[in-house]
Structures are given as C-alpha cells and as structure tokens.
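Chain residues, written in single-letter form:
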Amino acid sequence: MKNIIGLDPSLISTALSVSNGSTMKLFNYCRETSATGKTGLKKWFKMSEDYVTLRYIEYREFESYSEGELIKLKDYDKISDMIIHDIETHIDKSQETIIGIEGYSFNSDAGDLIDLVTFSTLIRKKLYDYISKDITVLSPSTLKLESCKLTYPAIDIGKKKPKLEYRNYDGIAGGNFTKREMLMSIIDNTNLKDEWAEHLRDVKDDLLSIKKVEKPYEDVNDAYLIYNILNK
C-alpha cells in the first residue's frame, strides 16, 4: 500500500488525483467564472460534480508590471498551498508516497509558459519539502505515449528483429495522441473499473459529440492517467 499522486498543473485548471491505496479523490482548481453561470454549474462541471471536487481560485488585478509580478507570485503561492493541503488531508502519512506531475508544453506562448514555470516550480518545491521526494516529471509527449501503453497492446513492426510500437484501436500512435485519444484510453481500458472510468463510459457519447474534450474532463483525465501510470 502506498499513496499515489497525479498532478496536471495549469494556471487556470490544475487537476489532482490523490490515492491512499483504498480511496481516490479527484480535484480541479479553477476560476469560479469558468465553472459557473447564471443558473449554477455549467454543463461539463455539472456533469462531473459527483466525481470531482472543485476548488475555486482567484487572480487579482494589478496596474504595473512590477506589481503584477509580485501579485502573481503571491496568488500562485496561495493556490499551491491549497493543493498541498488537499494532498496532506487525503493521504495516509504512515505510507510511502509517490508523485507524478506533468511537465511543460513548450508550445505555449512565452508569457504563459513563464508564468506556468513559476507556478509549477512552487508546487514542485512544496511537494518535495512537505509530501515526498519521490517525484516523476512526465513530459506531455511521454504522458501521451504512456497513456497508450497503459491500455493498448504492443504491435511488433520489426522485420528482422522485434520492434514494438503502440497504437490505439484506430491505429493512432501513442506519441500522436490528443486529449480525445487519451480520454478513449481510459474508456477502452477494461482493467479500470473505478468510479471515474465508469463515469466516462456512461457519458462517452456526450464527451465525444464535440471535437474538443472540455474542462474539467481534459485536465482531470491527465491527472487520473498519471496516477494509473504510476500505479501500474
């Protein structure tokens, strides 16, 4: 038995999965305006509310560049404290803890990437100091490939000697997965029988009716997959 943590950091929609070996909790840290409308939770947040705990975050306004840099740092510090608190509340501190966290996508705009690096660095430092030093950072491309390997069998494409490749049932290589294929890797995995996997199967038609996997599903799926990759 061990604690397993999967974390997908994002400035506007961080997702967290926390397991103590017997239970698993899913969290999404997002702005209230992203999750709610005039009549309550928006469609996708409403659909997932029984499975994902929402934590509302806030970013303050600022007038100057210098003021903004310090305000953002304080806001990131507050949000990262929330994440650490939720982890500490839901793990068994008598057990070993392993952590998986998604790394940066260098396709982001420069400003967004710099802010994300600042935010993620704060989280990593606090995880290292207060939770566990057993931390694995998965690049976005690695997470895609491992999501494929988690579910789909290897294909030997070697002619003279074995050469394994991983593709889903539609023939898409793991390295080319999008959020849609990562969603399907959960749905197609018959070994995943927990509440989140079963929920995704129940709402599969809704989720796949549009091209983009909407939040919070997009980010929660990443954190959930990181957890299962570490668990495997």
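Computed from a prediction, not measured in an experiment: that's the story for all the values here. (Residues numbered from 1 in each chain as written. Predicted model: local features only at pLDDT ≥ 70, side-chain atom pairs only at ≥ 80, totals over all residues. Heavy atoms only, no water.)

Visitor: I would appreciate a short explanation of the environment of Thr178 in the present structure.
Guide: In this structure, Thr178 sits in the loop between strand E10 (164–166) and helix H6 (179–187). Measuring from C-alpha to C-alpha, the distance between Thr178 and Ser80 comes to 27 Å, with 98 residues separating the pair along the chain. Only 2.5 Å separates the side chain of Thr178 from the side chain of Glu181, close enough to count as a polar contact. (Helix = DSSP H or I, 4+ residues; strand = E, 2+ residues; numbered from the N terminus. Polar contact = N/O pair within 3.5 Å; in protein donor to acceptor, adjacent residues only side chain to side chain.)

Visitor: Even after reading the chapter, I still don't get the side chain of Ser19, so can you show me in this structure?
Guide: Tracing the backbone shows Ser19 in strand E2 (residues 13–19). At 3.1 Å, the side chain of Ser19 forms a polar contact with the backbone nitrogen of Gly21. For Ser19, the side chain forms a polar contact with the main-chain oxygen of Thr23, separated by 3.4 Å.

Visitor: How should the packing of aromatic side chains be read in this particular structure?
Guide: For any two aromatic rings, the description comes down to two numbers: the centre-to-centre distance and the angle of the planes. Using the criterion set out here, one finds eight aromatic pairs in the structure. Taking the centre distance of 5.9 Å and the plane angle of 85° together, the rings of Tyr59 and Tyr76 count as edge-to-face. Taken together, the positions of Tyr59 in the loop between strand E6 (52–57) and helix H3 (65–90) and Tyr76 in helix H3 put the pair 17 residues apart, joining distant regions of the chain. Judged by relative accessible area, which is 24%, Tyr59 ranks as partly exposed. An aromatic cluster is defined as three or more aromatic residues linked by ring pairs; in this entry it consists of Trp44, Tyr51, Trp196 and Tyr217. The lysine or arginine in question, Lys133, covers the ring of Tyr128, its NZ or CZ lying 4.9 Å from the ring centre. (Phe/Tyr/Trp six-rings, centres within 6.5 Å; stacked < 30°, edge-to-face > 60°. Buried < 20%, exposed > 50% of the residue type's maximum accessible area, 1.4 Å probe, protein only. Lys NZ or Arg CZ within 6 Å of the ring centre and 35° of its normal.)

Visitor: Hey, could you run me through the pairing of E2 in this one?
Guide: On any regular strand, side chains alternate: one points to one face of the sheet, the next to the other face. The buried fraction of E2 amounts to seven of the seven residues, a majority that puts the element mostly inside the structure. Examined bridge by bridge, strand E1 (residues 3–8) and E2 share five bridges and lie antiparallel to one another. Residue Ile4 lies in a different strand from E2, and its bridge partner there is Ser19. Taking the residues that link successive antiparallel strands as the turn, the E1-E2 hairpin has four residues. In terms of strand pairing, E2 meets strand E3 (residues 24–31) through seven bridges, oriented antiparallel. What sits directly across from Ser13, in E3, is Cys30. In this antiparallel pair of consecutive strands, E2 and E3, the connection spans four residues, and Gly21 shows a positive phi of 100°. (Pairing = 2+ DSSP bridges.)

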